[in-house]
Amino acid sequence: MSSTSVVVTGLGVTAPNGLGAEEYWAATLEGRSGIGGITAFDPSDYPAKLAGQIDGFVAADHLPSRLLPQTDRMTQLALVAADWALADAGVDPQTLPAYDMGVVTASSSGGFEFGQRELQKLWSLGARHVSAYQSFAWFYAVNTGQISIRHGMRGPSGVLVSDQAGGLDAISVARRQIRKGSRLIVTGGVDASICPWGWVAQLAGERLSTSEDPERAYLPFDADAAGHVPGEGGALLVLEAADAAHERGAEVYGEIAGYAATFDPRPGSGRAPGLRRAIELALADAGSTPGEVDVVFADAAGLPDLDRIEAEAIAAVFGPRGVPVTAPKTMTGRLYSGAAPLDVACALLSLREGVIPPTTGTSPDPGHQLDLVTGSPRETRLRTALVLARGHGGFNSALVVRAAR
Amino acid sequence: MTAREFTLEDLKRILREAAGTEEGVDLEGEILDAELAALGYESLALLETTGRIEREYDITLDDSVVTEAKTPRALLELVNEHLLAVAAAA
């Protein structure tokens with residue numbers, strides 16, 4: 001059972017620099033960024049004023065009116081990403097048994113924009129004015145639930161909440177459910193909380209860049225790294241057993257070959273951070289040696305200490321400048337639960353096309369000893385990619401994807 | 001005082017605002033005696049709908065309204081009974 005190969009057969013992408021996997025991929029290879037001044041609200045009174053926003057997304061163009069009053073923006077984006085992933089996989093869920101399909105997503109913030117609107121109604125107009133849909137529209141599990149209802153997927157489902165690491169944790173749970181016998185799992189994550197309430201919550205974490213220059217605001221591994229720019233969006237993937245995908249003649253992007261998660265020791269303990277161990281355990285799970293990894297998609301926190309910890313972990317496993325590293329999220333901002341699934345989608349497209357997309361903006365600090373792909377894409381033979389993601393509070397996750405055979 | 005009337009047009013407008021329209025359902029068709037559930041409005045959609053009716057008409061409907069009124073006709077009658085009672089008391 002546990003040796004069942006689990007593959008990705010569909011991608012659905014909603015990213016600040018592209019709606020749809022192909023548009024996102026084209027933008028990413030060109031180094032086109034979706035980071036800019038916030039337009040969703042007036043940011044002039046806030047210290048951080050930039051975000052990776054998805055422009056031109058009109059939910060009503062994609063979703064039935066029945067869903068609009070009951071969904072936050074993050075759920076609308078997630079529903080559309082799920083539609084696209086299923087279409088890309090060539091799957092019509094209506095033709096499959098409901099209990100053979102499930103949904104496992106990650107969430108970081110929940111439906112903040114919806115929640116803010118209803119809380120404002122509560123204190124300005126009174127309880128009678130609060131939408132009945134507030135009961136679930138804000139909730140972490142709502143994307144999973146709405147996708148499940150829309151497509152009649154009643155099998156194993158859930159939500160993972162571990163900040164940015166959650167996107168990989170969700171894919172791992174989805175893989176486990178396929179190995180336990182589910183036929184198809186929709187997995188990944190989509191987040192969006194670019195609204196005043198979401199913004200103050202993110203500012204409280206003291207990790208946001210306050211630069212007002214979109215080209216210089218988010219510079220992971222740069223000597224000038226000073227925080228990150230938040231973004232909205234993410235990706236959803238369709239996972240199936242390799243045999244089942246092969247039988248129905250599905251196009252396969254690649255295999256979810258390995259995964260591991262670790263937790264950092266308490267601050268001040270003197271013990272080593274957990275990221276290196278997550279990488280080593282994920283490689284062991286994949287049956288891969290470090291030498292077989294062709295590219296690393298970095299977590300890329302954009303803060304000096306966290307960048308140093310990640311660079312040290314990569315150098316410890318792969319050797320100094322021992323493996324190409326990239327962070328295309330420099331073009332989207334950090335998408336929280338959506339970031340790692342988008343990186344996994346990007347890694348799968350990289351494997352398919354034999355090209356590593358660049359990290360934009362950053363001039364890597366030589367002290368990090370990273371072979372960071374900057375400037376333009378790097379064409380190379382790619383078979384195995386490692387995706388890293390960390391969550392606030394000590395979460396480390398690592399996932400290995402391998403090209404389809 | 002003359003009672004306000006809650007019409008089918010009012011209900012359709014509030015349903016659209018509160019919960020949208022299910023794909024394949026035409027609220028402009030013969031819906032008076034259709035089951036609200038069959039029109040795609042489950043209990044939460046009806047809770048949101050009755051909440052909006054209460055706000056707009058400044059009445060308080062019993063929670064059981066949601067479960068008792070199975071059709072648009074039943075909901076219209078119930079709301080109009082309340083409006084008549086309010087007018088009579090005024």
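About the cut-offs
Residues numbered from 1 in each chain as written. Chains lettered and ligands numbered in written order. Predicted model: local features only at pLDDT ≥ 70, side-chain atom pairs only at ≥ 80, totals over all residues. Helix = DSSP H or I, 4+ residues; strand = E, 2+ residues; numbered from the N terminus. Rg over C-alpha atoms; globule rule 2.2 N^0.38 Å. Buried ≥ 20, exposed ≤ 12 C-beta atoms within 10 Å, placed from the backbone. Contact = placed C-beta atoms within 7 Å. Nonpolar A, V, L, I, M, F, W, Y, C, P; charged D, E, K, R; others polar. Domains from an automatic or database assignment. Axes fitted to C-alpha atoms, helices over the stretch in contact; angles between N-to-C directions. Parallel < 35°, antiparallel > 145°, perpendicular 65-115°, else oblique. Left-handed = near helix turned anticlockwise from the far one by under 90°. Expected span 1.5 Å × (residues − 1). Core = buried A, V, L, I, M, F, W, Y, C linked by C-beta atoms within 7 Å. Arc of directions from axis to C-beta. Pairing = 2+ DSSP bridges.

(A) Looking closely at the overall build of chain A. Each helix and strand in chain A was counted, giving 11 helices and 16 strands. What you see for chain A is a C-alpha radius of gyration of 20 Å, in line with the 22 Å of a compact globule of 405 residues. Considering chain A as a whole, with its 405 residues, one finds that 58% of them fall into the buried category. Of the contacts made within chain A by residues no fewer than 6 positions apart, 79% connect residues no fewer than 24 positions apart.

(B) A look at the interface of chain B and chain A. Residue-level contacts link 13 residues of chain B with 11 residues of chain A. When residues of the side of chain B that touches chain A are traced back to their parent elements, those giving at least two are helix H1 (8-19) and helix H2 (43-57) of chain B. Per-element tally for the side of chain B that touches chain A: the top contributor is H2(B), with 6 residues. The residue inventory of the side of chain B that touches chain A, partitioned by class, reads 4 nonpolar, 4 polar and 5 charged.

(C) The arrangement of unusual backbone geometry in detail. Residue and element names in this part refer to chain A. The backbone of aspartate 163 shows a phi angle near 50°, a positive value even though the residue is not glycine. Secondary-structure assignment places aspartate 163 in the loop between strand S6 (158-160) and helix H6 (166-179). Looking at aspartate 163, the number of C-beta atoms within 10 Å reads 23, which means it is buried.

(D) Geometry of the domain arrangement of chain A. Residue and element names in this part refer to chain A. Assigned domains within chain A: domain 1 (6-247) and domain 2 (258-403). Computed over C-alpha atoms, the centres of domain 1 and domain 2 are 21 Å apart. On the domain 2 side, the residues contacting the 59 residues of domain 1 number 54 residues. Looking at the side of domain 1 that touches domain 2 element by element, the count peaks at 7 residues for H6. Residues belonging to the side of domain 1 that touches domain 2 are distributed by class as follows: 26 nonpolar, 23 polar and 10 charged.

(E) Main features of the environment of A:Ser108. All names here are of chain A. Note on placement: serine 108 falls in the loop between strand S5 (101-106) and helix H3 (112-124). Residue serine 108 is classed as buried on the basis of its 27 C-beta neighbours within 10 Å. Spatially, the C-alpha atom of serine 108 lies 26 Å from that of valine 295, the residues being 187 residues apart in sequence. Residue contacts for serine 108: discarding those within four places in its chain leaves Val161, Asp163, Gly166, Asp191, Tyr336 and Ser337.

(F) Highlighting the packing of H1(B) against H2(B). All names here are of chain B. As a packed pair, H1 and H2 sit with axes 9 Å apart at the nearest point and diverge in direction by 120°. In terms of their interaxial angle, H1 and H2 are classed as oblique. In the packing of H1 onto H2, the handedness of the crossing is right-handed. Along the contact surface, H1 presents Ile14, Leu15, Glu17, Ala18 and Ala19, while H2 presents Ala45, Glu48, Thr49, Arg52 and Ile53.

(G) Representation of H3(A) within the structure. Residue and element names in this part refer to chain A. Counted at 1.5 Å a residue, the expected span for H3 with its 13 residues is 18 Å, and the 18 Å between its end C-alpha atoms agrees. Contact partners of the buried residues in H3: helix H2 (73-89), helix H4 (134-137) and helix H7 (196-204). Looking at the residues trailing H3, positive phi occurs at glycine 126, about 115°.

(H) Structural view of the nonpolar core. With 123 residues, the main nonpolar core has A:Ala81, A:Ala85, A:Leu237, A:Ala345, A:Val387, A:Leu399 and A:Val401 as its most contacted residues. The element that contributes the greatest number of residues to this core is H2(A), accounting for 11 residues. A:Val401 has contacts with A:Gly254, A:Glu255, A:Ile256, A:Ala257, A:Val344, A:Ala347, A:Leu348, A:Leu351, A:Ala385 and A:Val387, leaving out every residue within four places of it along the chain. Counting 20 residues, the second-largest nonpolar core is a separate cluster that includes B:Leu15, B:Ala19, B:Leu36 and B:Ile53.

(I) Quick peek at helix H1 (residues 21-30) of chain A. Residue and element names in this part refer to chain A. For H1, the complete set of buried residues consists of Ala21, Tyr24, Trp25, Ala27 and Thr28. All buried residues of H1 project into a common sector of 165° when viewed along the axis, lining one side. Buried positions along H1 lie against strand S1 (6-15), strand S2 (18-19), H2 and helix H11 (339-353). Immediately beyond the C-terminal end of H1, within one or two residues, lies glycine 31, with a positive phi of roughly 75°.

(J) Spotlight on the pairing of S1(A). All names here are of chain A. Most of S1 is tucked away, with 10 of its 10 residues classed as buried. In this structure, S1 lies alongside strand S9 (residues 254-263), joined through 2 bridges in antiparallel fashion. Looking across to S9, one finds that valine 8 is bridged to glycine 254. Across 2 bridges, the pairing between S1 and S2 is antiparallel. Considered in S2, the bridge of threonine 14 is made with leucine 19. Hairpin geometry of S1 and S2 is characterised by an intervening segment of 2 residues between the two adjacent antiparallel strands.

(K) A look at the packing of helix H9 (residues 275-286) of chain A against helix H10 (residues 304-318) of chain A. Residue and element names in this part refer to chain A. Relative orientation of the contacting elements H9 and H10 amounts to 40°, with a least axis distance of 8 Å. Relative to H10, H9 is oriented oblique. H10 is crossed by H9, and the crossing has right-handed handedness. Note on element contacts: H10 touches H9 through Ile309, Glu310, Ala313, Ala316 and Val317, opposite Leu275, Arg276, Ile279 and Glu280. Of the residues belonging to the contact of H9 with H10, the class tally is 6 nonpolar, no polar and 3 charged.

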